[in-house]
Amino acid sequence: MITTEGLTRRFGSLTAVDQLDLDLPAGGVVGLVGPNGSGKSTLIRMLLGLVTPSDGTATVLGERIDDPTAYAGQVGALIESPAFVPGLSARANLASLAALRGLPRTRVDEVLETVGLSGRGSEPVRRFSLGMKQRLGIAAALLPDPDLLILDEPTNGLDPAGIVEIRRLLQHLGAEGRTVVVSSHLMSEIESICSYIVVIRFGVLAFAGPIAELMAHATTSVEVAPERDSDRPALQDALTEQGWQVDPQGEVTLRIAANEGDAASINRHAADAGITLRALSVHRDSLETVFLAMTGRDDGELAAARGAALRSDVDREVAR
């Protein structure tokens, strides 16, 4: 669906995207993840023909990105917050966009139904919540019935209910057979909706592949707490004698480096030692934890500086 070979974009001394090699599969939801300032938005704008690469090549739907008109009709995109005429209805806004693109008006009601706004199409957009405006923005991107949908931070600024709405919508669109590329700096959000992930850190590719492959690096642990606080030293000794690595957590809890299947055995050994547990839980590393373990923690000041510089440079490039 998308391939890149050595794709690079520099803004002066700042390299936003650095020698990126990708081969994204068709179908489903693909997560494009990285901290602010990692180059996600620059990559998206290069793929859409809004920013010119400094080096390297790329194709979208088999067409080179130096001729975006060759594939623009098969791609829908939502970049940042959608812009609509507040006084016009949702249906009228979409009808205007359809007319500009030479698309049949019948698509308007179809996409409104797809995003769950068919009952609100006659309302002026100024009455819409932020979540509804995001859904309407996705509806606009769906007007050409695209094979590829690219969404840059589609849940930005949404409350938890709005995030759930957009998450369900993206899962539905991916299940239809479309390829949906979702950019985000929130790995927990991507983990819940994507099967394939691309992780970029400061312009450099850190990982690309199925999430299951990345999560193979995850570790699990079992946390236990004795019914009586005074039993913790004896519990630690009993579990250590069985060969487990045991680390104190707080004043009462112990964390054991173990697999989920070891939980029952840990409980039995505690009972054999005459200790009753009042808590036992299994913990597995999150996607974010795995990523940070692979790449190291990001320098917050560097990320903020890169993010500000990239936004300014990209905005100037798009304006030109």
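Please read all numbers here as calculations on a predicted model, not as lab measurements.

## Details of the overall build of the protein chain
Moving on, step 1. Check the secondary structure of the protein chain and you find 11 helices and 14 strands.
Moving on, step 2. Taken across its 320 residues, the protein chain has 46% of its residues classed as buried.
Moving on, step 3. Put simply, of all contacts in the protein chain between residues at least 6 apart along the chain, 68% involve residues at least 24 apart.
Moving on, step 4. Accessible area for the protein chain stands at about 15200 Å²; split by element, carbon and sulfur atoms hold 47% of it.
Moving on, step 5. Between the averaged position of the 29 positive side-chain charges in the protein chain and that of its 42 negative side-chain charges there is a distance of 8 Å.

## Comments concerning the sheet that holds strand β13 (residues 253-256)
Moving on, step 1. The strand order β12-β13-β11-β14 describes an open sheet built from four strands, whose pairing is antiparallel. A single partner strand is all that each edge strand has here, and the edge strands are β12 (246-249) and β14 (277-284). If you compare each strand with its neighbour and ignore which way they point, the axes differ by 25° on average.
Moving on, step 2. Judged from the three bridges that link them, strand β11 (residues 220-226) and β13 form a sheet pairing that is antiparallel. Note on β13: the bridge partner recorded for E223 is R255.

## Some thoughts on the pairing of β11
Moving on, step 1. Burial analysis of β11 places six of its seven residues in the buried class, the great majority of the element.
Moving on, step 2. Strand direction decides the pairing type here: β11 and β14, joined by seven bridges, are antiparallel. Considered in β14, the bridge of E223 is made with S281.

## Brief notes about the pattern of salt bridges
Between side chains of opposite charge, a pair can form as their charged atoms come close.
Moving on, step 1. This structure, assessed with the given rule, holds 12 salt bridges.
Moving on, step 2. Here D55 and R10 are joined by a salt bridge, their closest N and O atoms 2.7 Å apart. Here D55 is found in strand β4 (residues 55-60), whereas its partner R10 is found in strand β1 (residues 2-11), with 45 residues between them in sequence.
Moving on, step 3. One network of salt bridges, with partners in common, ties together D145, E176 and R178.

## A closer look at the packing of helix α2 (residues 90-100) against helix α4 (residues 130-142)
Moving on, step 1. Contact pair α2 / α4: the axes reach a minimum separation of 10 Å and the direction vectors enclose 30°. When the axes of α2 and α4 are compared, the pair comes out roughly parallel. Seen along the crossing, α2 lies across α4 with a hand that is right-handed. Only L136, A139 and A140 of α4 make contact with α2, whose side of the interface consists of A90, L94 and L97.
Moving on, step 2. Here the residues of the contact of α2 with α4 sort into six nonpolar, no polar and no charged.

## Observations regarding the sheet that holds strand β8 (residues 179-184)
Moving on, step 1. Across the sheet, which stays open at both edges, the six strands sit in the order β6-β7-β8-β3-β9-β10 with mixed pairing between neighbours. With one partner strand each, in any of the chains shown, β6 (75-79) and β10 (204-210) form the two edges of the open sheet. Each strand axis lies, on average, 10° off the axis of its neighbour in the sheet, ignoring direction.
Moving on, step 2. Relative to strand β7 (residues 148-152), β6 is paired through five bridges, and the arrangement is parallel. Within the sheet, the bridge partner assigned to G76 lies in β7 and is L149.
Moving on, step 3. On the sheet, helix α5 (residues 160-175) packs against β3 (28-33), β7 and β8 and is oriented at approximately 150° with respect to β8.

## Section: the confidence of the model for the protein chain
Moving on, step 1. Chain-level pLDDT for the protein chain is 87 on average; 92% of the residues reach the 70-or-more range.
Moving on, step 2. Here helix α11 (residues 300-319) stands out as the element of the protein chain with the lowest mean pLDDT, 55, in contrast to β4, whose mean of 96 is the highest.

## Considerations on the packing of aromatic side chains
Moving on, step 1. Considering all chains together, one arrives at zero aromatic pairs under this definition.
Moving on, step 2. Seen from the ring of F11, R9 lies directly overhead, with NZ or CZ sitting 4.3 Å from the centre.

## Observations concerning the nonpolar core
Moving on, step 1. Counting 48 residues, the largest nonpolar core has L94, L136, I138, L170 and I197 as its most contacted members.
Moving on, step 2. Excluding its chain neighbours within four sequence positions, the residues that come into contact with I197 are G31, V33, I190, F207, A208, G209, I211, L214 and L287.
Moving on, step 3. Within the second largest apolar cluster, 27 residues are counted, among which are L24, A58, V75 and I150.

## Things to note about the environment of F84
Moving on, step 1. When you line up the elements, F84 lands in the loop between β6 and α2.
Moving on, step 2. Placed 206 residues apart in sequence, F84 and V290 show a C-alpha to C-alpha distance of 39 Å.
Moving on, step 3. Contact partners of F84, with chain neighbours within four places excluded, come to N93, L97, V125, K133, L136, G137 and A140.

## Focus: α5
Three- or four-residue spacings in an α-helix give side chains the same orientation, since the helix completes a turn every 3.6 residues.
Moving on, step 1. Compared with the 22 Å implied by 1.5 Å per residue over 16 residues, the 23 Å span of α5 between its first and last C-alpha is a close match.
Moving on, step 2. The complete set of buried residues in α5 reads G162, I163, I166, L169, L170, L173 and G174. Projected down its long axis, α5 carries its buried residues within an arc of 135°, all on one side. Summarising the geometry of α5, the exposed residues directed more than 90 degrees from the buried face are P160, R168 and A175.
Moving on, step 3. Contacts from the buried residues of α5 go to β3, α3 (106-114), α4, β7, β8 and α6 (187-193).
Moving on, step 4. Just downstream of α5 lies G177, where phi reads positive at about 105°.

The rules behind these values
Residues numbered from 1 in each chain as written. Predicted model: local features only at pLDDT ≥ 70, side-chain atom pairs only at ≥ 80, totals over all residues. Heavy atoms only, no water. Helix = DSSP H or I, 4+ residues; strand = E, 2+ residues; numbered from the N terminus. Buried < 20%, exposed > 50% of the residue type's maximum accessible area, 1.4 Å probe, protein only. Contact = heavy atoms within 4.5 Å. Areas by Shrake-Rupley, 256 points an atom, 1.4 Å probe, with all protein chains shown as cover. Lys, Arg positive; Asp, Glu negative; His and termini not counted. Charge placed at Lys NZ, Arg CZ, Asp CG, Glu CD. Pairing = 2+ DSSP bridges. Axes fitted to C-alpha atoms, helices over the stretch in contact; angles between N-to-C directions. Salt bridge = Lys/Arg side-chain N within 4 Å of Asp/Glu carboxyl O. Parallel < 35°, antiparallel > 145°, perpendicular 65-115°, else oblique. Left-handed = near helix turned anticlockwise from the far one by under 90°. Nonpolar A, V, L, I, M, F, W, Y, C, P; charged D, E, K, R; others polar. pLDDT = per-residue confidence, 0-100. Phe/Tyr/Trp six-rings, centres within 6.5 Å; stacked < 30°, edge-to-face > 60°. Lys NZ or Arg CZ within 6 Å of the ring centre and 35° of its normal. Core = buried A, V, L, I, M, F, W, Y, C linked by side-chain atoms within 4.5 Å. Expected span 1.5 Å × (residues − 1). Arc of directions from axis to C-beta.

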